[in-house]
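Spelled out, the chains give:
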Amino acid sequence: MGSHSLPVPSTPAGCDGLAALLAGAQHAVVALDFDGTLAEIVPDPEQARAHPGAVAALARIAPRLGSVVVITGRPAAVAVRYGGFAGVAGLERLVVLGQYGAERWDAATGTVTAPAPPPGVAAARAELPGILAGSGAGQGTWIEDKGRAVAVHTRRAPHPQAAFDALREPLHALAERHGLIVEPGRLVLELRPPGVDKGAALTSYVRESGARSVLYAGDDLGDLAAFAAVEKLRSEGLPGLLVCSGSTEVTELAERADVVVDGPGGVVELLTSLAGRLGDA
């Protein structure tokens, strides 16, 4: 893509979504996942940071849009810290919806609002080490406590996919015992309360903001709920564009997306191109 050239969406609905965004940017919501979309996937999730060009691209496009929102499974404060989103000129109205929308951080106030974590998460967390040891998948697996959710990563195990496969059944059983659900991702299994997903978070935000068009960009299975939400909004007459931050690890999103870009670098390029098309202030 050149500086202002945009990819052509592969579907009529995607073309309508892009056209609506360009024609009425001040009433558009651009929503993005964090890991794998604005930040490269790395072996240690604690080392994840926004792509070097991401904050500049967001700060350039945000003033031209109704709003920019980051929707992530991470705690909101963690995404803000790893993203470097706080105190950035141009991002004064940025919203980060963390824990799949259970938490909200507003750049305007710099504070996170969230309800108390459900008790089932702490109970499941206490049982996890024993389950990992018993499954034979303990070596190299890593437990991430997210407060309102708990995730088991197998990327650092000697055989990541085998460890992932071995853990599916015991973690589903654990989740069921504590009234939780399992959300699979790229070599990660996350246990969290039902009824909280990126689709619900996105739909609620779009309605609250009075948006007339929406773009959603994601890369992983957890983003399918947001893709479905955009498809539902489109069926109700609100134009939308689905963007996949492409990877070889997950193909389901690419098959449903209107535009596939090459990872976080491609997302940055797309945002930069959009900002250019919308005119530099």
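The structure we're discussing is the one just above.
In this report, the structure presented in the accompanying data block is examined.

What counts and how
- Residues numbered from 1 in each chain as written.
- Predicted model: local features only at pLDDT ≥ 70, side-chain atom pairs only at ≥ 80, totals over all residues.
- Heavy atoms only, no water.
- Phe/Tyr/Trp six-rings, centres within 6.5 Å; stacked < 30°, edge-to-face > 60°.
- Helix = DSSP H or I, 4+ residues; strand = E, 2+ residues; numbered from the N terminus.
- Buried < 20%, exposed > 50% of the residue type's maximum accessible area, 1.4 Å probe, protein only.
- Pairing = 2+ DSSP bridges.
- Axes fitted to C-alpha atoms, helices over the stretch in contact; angles between N-to-C directions.
- Contact = heavy atoms within 4.5 Å.

### Structural notes on the packing of aromatic side chains
Here is step 1 of the chain: A complete count under the given rule lists 2 aromatic pairs for this structure.
Here is step 2 of the chain: Centroid distance F34 to F85: 6.1 Å. Interplanar angle 85°. Geometry classified as edge-to-face. Of this pair, F34 sits in the loop between β1 (28–32) and α2 (54–61) while F85 sits in the loop between α3 (76–83) and β3 (95–98), placing them 51 residues apart in sequence.
Here is step 3 of the chain: Owing to a relative accessible area of 0%, F34 belongs among the buried residues under this scheme.
Here is step 4 of the chain: Residue class for F85 comes out buried when judged on its relative accessible area of 0%.
Here is step 5 of the chain: On the basis of an interplanar angle of 85° and a centroid distance of 6.2 Å, the ring pair of Y216 and F227 is categorised as edge-to-face. Residue Y216 is found in strand β10 (residues 213–218), and its partner F227 is found in helix α7 (residues 224–235); the two are separated by 11 residues along the sequence. Comparing Y216 with F227, the two get one shared label, buried.

### Section: the sheet that holds β3
Here is step 1 of the chain: Sheet architecture is open: 8 strands sit in the order β5-β4-β3-β2-β1-β10-β11-β12, paired in mixed fashion. Of all the strands in the sheet, just β5 (111–113) and β12 (259–261) have a single pairing partner and so form its edges. Neighbour to neighbour, the strand axes of the sheet diverge by 20° on average, direction disregarded.
Here is step 2 of the chain: Pairing of β10 with strand β11 (residues 240–245) involves 5 bridges; the strand directions are parallel. Bridge pairing in β11 links V214 to G240.
Here is step 3 of the chain: Across the face of the sheet, helix α6 (residues 198–209) comes into contact with β1, β2 (67–71), β3, β4 (103–106) and β10 while running at roughly 165° to β2.

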